[in-house]
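Chain by chain, the residues:
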Amino acid sequence: MAVGGAREPEDAAAGAPHADATGEVAVEGRDDLDPARDPSALADTVAGARSEPRGAAEPTMIGRYQVHRRLGAGGMGTVYAAHDPILDREVAVKLLERDDRPGRLDRLLREAQAMAKLSHPNVAQVYEAGTHEGQVFIAMELIHGETLRVWIEAPPRASARGPATPASAATPRAPATASTASGPVTPAHLSIPEIIERFVAAGRGLEAAHAAGVVHRDFKPDNVLVGADGRVVVVDFGVARLGRPLAMPRGGPSSDSSPAAKAGIGGTADGRIVGTPAYMSPEQWLGGTVDARSDQFSFAAALFEAIHGRRPFAGDNVVDLARNVLSGTIAPPRDRRAPRWLDRLLLRALQVHPERRFADMSALLAALTRERERRRRRWIAAVGGLAIAGGLGFGAAAIRHSDPCVDAGDRIHAVWSPERRAAIERALGGDGAGYALTTWTRIDERLDAYAQAWEAGVRDACRATRVRAEASEELLDRRSACMGIRLRAFEAVVTLFEREGEAALDRAIEALAGLPAIELCADVEQVRRRYPPPANLAVATAVELLRERLAEIQAATEVSDPRPRLADLEAIEREAVALGYGPLLAEVLALHGGMLARIGDPAGAVEVLRRGYREAIASGHDEVALEIALTLGVNERPDPEPWLLSADALVDRLRAPELVRARYHYVRLLRACEDGRCDEPVAPLIAAIEGHRRAVGDGHPTLASLEVELANIHMLRREVREAEAAYVAALDLYEQILGPKHPRLLISLGNLARLALNRGDLEAAAVWIGRATAIADGGYSDAHPFVIGLRRLEADLAGARGDVDEAVAILERALDAGAGAATTTLLQQRLHLVLIERLAGRRAEARAILRQIAGSEALVADDELEWAVLTALVEVELGEVATARAALDRARTLLRDGVPGDAGTRLYERLAGARIAAAEGDRSAAIAELEALRDGADDDADIGEAEAALAHVWADDPAAARAHAAAADRALGQSPPHYRLLRRELADFAAGLPGGPAREGEKPR
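Please read all numbers here as calculations on a predicted model, not as lab measurements.

## What about the overall build of the protein chain?
Move 1: In terms of regular secondary structure, the protein chain is built from 41 helices and 12 strands.
Move 2: Burial statistics for the protein chain: of 1005 residues in total, 54% are counted as buried.
Move 3: Restricting to contacts in the protein chain with at least 6 residues of sequence separation, those with at least 24 account for 66%.
Move 4: When the accessible surface of the protein chain is summed, it comes to about 41,900 Å², and 52% of that surface belongs to carbon and sulfur atoms.

## Quick look at the packing of helix α34 (residues 843-853) against helix α35 (residues 861-877)
Move 1: Two elements in contact, α34 and α35, have axes separated by 10 Å at closest approach and are oriented at 145°. In the packing of α34 onto α35, the handedness of the crossing is left-handed. Contacts between α34 and α35 involve R843, A846, R847, L850, R851 and I853 from the former and W867, L870, T871, V874, E875 and E877 from the latter.
Move 2: Classifying every residue of the contact of α34 with α35 by side-chain character gives 6 nonpolar, 1 polar and 5 charged.

## Remarks on helix α26 (residues 683-696)
Move 1: Given a rise of 1.5 Å per residue, 14 residues ought to cover 20 Å, and the 20 Å separating the end C-alpha atoms of α26 matches this to within 8%.
Move 2: Restricting attention to buried positions, one finds in α26 the residues L685, A688, I689, G691, H692 and R693.
Move 3: G697 occupies a position one or two residues after α26 and carries a positive phi of about 95°.

## With respect to the pairing of strand β11 (residues 224-227)
Move 1: Of the two faces of β11, both are covered, the one formed by V224 and V226 as well as the one formed by L225 and G227.
Move 2: Pairing analysis gives 3 bridges linking strand β8 (residues 145-147) to β11, with the strands arranged antiparallel. In the strand pairing of β11, G145 is matched with G227.
Move 3: Summarising the sheet, β11 and strand β12 (residues 232-234) pair through 3 bridges and their orientation is antiparallel. Across the sheet, L225 pairs through a bridge with V233, a residue of β12.
Move 4: Linkage of β11 to β12, two consecutive antiparallel strands, is achieved through a turn of 4 residues, within which G230 is found at a positive phi near 90°.

## Details of the state of the cysteines
Move 1: Tallying each qualifying case throughout the model produces 2 disulfides.
Move 2: C482 shares a disulfide with C521; S-S distance 1.9 Å. Judged by the sign of its S-S torsion, about -80°, the cystine formed by C482 and C521 is left-handed. Separated by 39 residues along the polypeptide, C482 in helix α15 (residues 473-500) and C521 in the loop between α17 (508-513) and α18 (524-529) bring together distant segments of the chain.
Move 3: Across the disulfide, C673 is cross-linked to C678 (sulfur-sulfur distance 1.8 Å). For the disulfide bridge between C673 and C678, the dihedral angle about the S-S bond is near 75°, and by the sign convention the bridge is right-handed. You'll find C673 and C678 in the same group, each marked buried.

## Structural notes on the side chain of R486
Move 1: Tracing the chain through its elements places R486 in helix α15.
Move 2: For the buried R486, which has no salt bridge, the nearest side chain bearing the opposite charge is E623, at an N-O separation of 4.3 Å.
Move 3: In this view, R486 contacts Y450, W454, P516, A517, I518, L520, C521 and E623; residues no more than four positions away in its chain are not counted.

## Some points on the pattern of salt bridges
Move 1: Counted according to the given criterion, the structure contains 55 salt bridges.
Move 2: With a shortest N-O distance of 2.7 Å, R754 and D796 are connected by a salt bridge. Placement of R754 in helix α29 (residues 744-758) and of D796 in helix α31 (residues 785-800) is noted, with a sequence separation of 42 residues between them.
Move 3: Its relative accessible area of 12% is what places D796 among the buried residues.
Move 4: Across the pair R847 and E875 runs a salt bridge whose closest N-O atoms are separated by 3.4 Å. Of this pair, R847 sits in helix α34 while E875 sits in helix α35, placing them 28 residues apart in sequence. Both residues of the pair, R847 and E875, belong to the buried class.
Move 5: Three or more residues are tied together by salt bridges with common partners; here these are R838, R843, E877, E945 and E985.

## Digging into unusual backbone geometry
Move 1: Look at the link from R637 to P638: it is a cis peptide, with omega at 0°.
Move 2: Although it is not a glycine, E133 sits at a positive phi angle of roughly 50°.
Move 3: Considering the arrangement of structural elements, one finds E133 in the loop between β6 (126-132) and β7 (135-141).
Move 4: At R655, a residue that is not glycine, the phi angle is positive and equals roughly 50°.
Move 5: One can find R655 in the loop between α24 (641-653) and α25 (658-674).

## With respect to the nonpolar core
Grouped burial of nonpolar side chains is what soluble globular proteins tend to show.
Move 1: I443, L447, F490, F497 and L685 are the most contacted members of the largest nonpolar core, which totals 123 residues.
Move 2: Ranked by residue count, the leading element in this core is α15, at 10 residues.
Move 3: Among residues more than four places away in sequence, those in contact with F497 are I424, W440, I443, L447, A504, L505, A508 and A511.
Move 4: The next biggest cluster of nonpolar side chains, apart from the first, holds 65 residues, and it includes A807, L827, L870 and V899.

## What about the side chain of H692?
Move 1: Take H692: it is sitting in helix α26.
Move 2: With relative accessibility at 6%, the residue H692 sits in the buried group.
Move 3: Ignoring anything within four residues of it in the chain, the contact list for H692 reads E658, L659, H700, T702, L703 and L706.

## Thoughts on the sheet that holds β8
Move 1: Read across the open sheet, the 3 strands follow the order β8-β11-β12; overall the sheet is antiparallel. Whereas interior strands pair on both sides, the edge strands pair on one side only; in this sheet they are β8 and β12. Adjacent strand axes in the sheet meet at a mean angle of 25° when their direction is disregarded.

## What to know about the confidence of the model for the protein chain
Move 1: Averaged over the protein chain, the pLDDT score is 76; the fraction of residues at 70 or greater is 78%.
Move 2: In this model residues 240-272 is a low-confidence stretch, pLDDT under 50, and it forms 86 contacts with partners more than four residues away in sequence or in other chains.

## Some remarks on the packing of aromatic side chains
Move 1: The full count for this structure, using the stated rule, is 9 aromatic pairs.
Move 2: For the pair W416 and W440, a centre-to-centre distance of 6.4 Å together with 65° between the ring planes defines the contact as edge-to-face. Remark: W440 occurs in helix α14 (residues 436-466) and W416 occurs in the loop between α12 (411-415) and α13 (418-429); sequence separation between them is 24 residues.
Move 3: Among the residues examined, W440 registers a relative accessible area of 1% and is labelled buried.
Move 4: Ring geometry for Y613 versus W643: centroids 5.0 Å apart, planes at 80°, classification edge-to-face. Taken together, the positions of Y613 in helix α22 (residues 602-619) and W643 in helix α24 put the pair 30 residues apart, joining distant regions of the chain.

## Some remarks on the environment of G898
Move 1: Relative to the elements of secondary structure, G898 occurs in the loop between α36 (881-896) and α37 (903-919).
Move 2: By relative accessible area, G898 is classed as buried at 4%.
Move 3: With 261 residues separating them along the chain, G898 and R637 place their C-alpha atoms 5.3 Å apart.
Move 4: Ignoring sequence-local partners within four residues, the contact set of G898 consists of P602 and R637.

## Examining helix α41 (residues 980-991)
Move 1: Between its terminal C-alpha atoms α41 stretches 17 Å, which fits the 16 Å expected from 12 residues at 1.5 Å a residue.
Move 2: Buried residues of α41: L981, L982, L986, F989 and A990, and no others.
Move 3: Lining the buried residues of α41 we find α32 (804-817), α33 (824-839), α34, α39 (940-953) and α40 (958-973).

## Notes on the environment of E197
Move 1: Mapped onto the secondary structure, E197 falls in helix α4 (residues 192-211).
Move 2: A relative accessible area of 32% means that E197 is categorised as partly exposed.
Move 3: Distance from E197 to T369, taken between C-alpha atoms, is 8.9 Å for residues 172 residues apart in sequence.

Conventions used here
Residues numbered from 1 in each chain as written. Predicted model: local features only at pLDDT ≥ 70, side-chain atom pairs only at ≥ 80, totals over all residues. Heavy atoms only, no water. Helix = DSSP H or I, 4+ residues; strand = E, 2+ residues; numbered from the N terminus. Buried < 20%, exposed > 50% of the residue type's maximum accessible area, 1.4 Å probe, protein only. Contact = heavy atoms within 4.5 Å. Areas by Shrake-Rupley, 256 points an atom, 1.4 Å probe, with all protein chains shown as cover. Axes fitted to C-alpha atoms, helices over the stretch in contact; angles between N-to-C directions. Left-handed = near helix turned anticlockwise from the far one by under 90°. Nonpolar A, V, L, I, M, F, W, Y, C, P; charged D, E, K, R; others polar. Expected span 1.5 Å × (residues − 1). Pairing = 2+ DSSP bridges. Disulfide = S-S within 2.5 Å. Lys, Arg positive; Asp, Glu negative; His and termini not counted. Salt bridge = Lys/Arg side-chain N within 4 Å of Asp/Glu carboxyl O. Core = buried A, V, L, I, M, F, W, Y, C linked by side-chain atoms within 4.5 Å. pLDDT = per-residue confidence, 0-100. Phe/Tyr/Trp six-rings, centres within 6.5 Å; stacked < 30°, edge-to-face > 60°.

What follows is the structure, given as structure tokens:
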């Protein structure tokens, strides 16, 4: 059969090797695969008029298939029409060219087997894959028709909207118009709706394949068939990845002016580039990772060409073409044939960066069909208004309701409209922070993608029941309820950005990551297992209203202090109890317990969460049961194991997505490390994170928090290099999602600075702090919490360099800047100043700060534990034993109640306890505790602190005291410089003991 192709450039016509932009990437030095020379090169599985008898040297059998005739050959192999004697049917068998590269055969077989599992009307059905004399073959359905390119370029048919004439019964058609190097001109007789209709059908095939985990990698009009019955089918999935590499000259065009060089053929390949140049995405040109968004790019390039009659990226050779694709230089259309809305959609899908395209094919197709339907409805409404005057008003109504699901997703437009987006942007453009508009631009794209996915999901749920008759009305109700939860969450987040502005942008990651996944509502098995909605209409209405309030509270507390909303949540909880609908009550208790945990009330959180877990299990709300089990796994003391076992079972039962699995593995590893079992394998957490990355793409907001959690685990395992790599990955994601000046980067930079300080790399710490300072100096006041936190890092760097006085001065300036604000940030700075004052030997000043903090409203449980421990230690070192004992008792009560404290806090609690025991007369207990602390420590500073405390306990035995003081000095000498003053103080203590300095041979007791 004839396949219309682009006319070859003149240098190719002269016989030089050439890789035309329309054809598959050619084997180096060959020109017989140019479709302009050999139309059969692109025939694939079409049974058409150009098929020819099997040649003498060609196979008579391929596997069990009896070969009848050769249909054609392409860059990947030869296609034959054959007969399946077992199932008695005609098939197309594609015999691929031999490829001896390692693993290629197995990979192709796996991909073909994956395609064989996919059954979709817009995908060519693969029946079998196997090998024939060392070559791979694929048996698939034999389709009578023509390629989409031929359909577009063919002359007018008798009925423009009728099915294509069977190619096997027709003479070969010539292209309707001349072709140019920039692409064929679309015949004027084809309307844009006709073209879009065929492409949307092809897009459905891509969509189905992507859902099955298969990427095409070489989508183009020649790989789409229009059958004699009008069916549109995509062929050759996955095969393009096995094609030969396109050789690109190093450094672009060179002095070599030969046609081969101009075409980008010859020389040494810089990378493996596989595909058809005219439709290849930037990531394919660069030899990078190819995913479903690459297919989206190729789809948009092909549709652009079909609509405008020229390809989006100009270039008479592959070098110029590649340059235009990689720079995003799109050739302007010759005319305004396409409506502007269509061009806008295509330009988005043709973005250079994959993350700036539509989230997936579903979102692109939803946008295409939505805009078409919206404009069609406007036209119908206008015509209908005229028709009513003539007594024919029924016509518009009949057309409008031909698709009962056209308006199914329209609710999203009330929540997410251009007007609302513009209002938010105007608000941020006024007196917002310098980063606000940059961040909003990026957040806007992600909200837009979520809205499009929601609309597509709702429409698909409707069509599954009302159009395709695949699902019951009950299942539609359940899927709609699932989508309703997501719409409420989305509206709450949009409202939050609208109301809070810059404050919400500061925690935009949390807001975005909190949006529930839409794809879970398409999991029919899980949706069927969901709890039933209330049978009573009044109860159902009340539940929906309460859920709206609940979503608003949840979104608000993602970006702000949850304490002001506790009263509202408790009121909702009382109403939920009165309604008696268990799933709602479980949701309320899950949020309530999570909020209590966040504000530092673990005991209250555990009590509420246990109630919520019982409600969730009793009502069948497994998703919330899993969420609660994981939260209890973090907060339950001392034994989280029952909750981790429950979470493990629920993860499997729910077939939980990788994001949830990653959360489970993080909690499990976190608690294992707390229990001293930090050697458990971290591989399951890493695998879950990578699985989630594959599912959502590289730039998804949830990946940033997952990288931070992975870094935290590596830190607990003392895997410093791995921790730093994860923190750097998180920083890159935050910058990609939020922009280079967002305050959230200060937290990530701070983590990296802290890591460098901990390992004594002061130069690296200074670099990270310098980057953070550059952001903070861009418009933040000295009283901003991020700036105050940055000052703490600067103080620690000064202390690590040995300048403790400068460290104290930095912190005091930060506290003066935020004077009068009872915030958690300032409170933590004061506690940190206490530590530095103690190291400087100024315990009286440290005690004064601790007494100022006592009773502060900002003193949450974690901070109160640190305050109590420091008070106990400083007071006993000053000789105030009774005050120290009261503070220590308070600290130990908090520890029993489940407040964990960090390693430094637990160290000081043991030091204070031993010093107090010695002061109260129980010296043997004090010595035993301090020796155990020293012997179990693997950090020089901890050893030095324990030895120093032992020196004081042994004060009545000068020889022993001096020996312990000397051991402490040796250990602290290996510690950071800010221990210098503590060593000086210890030396003064030892010098004041009877007998003078330690004598040779004296050892600690």
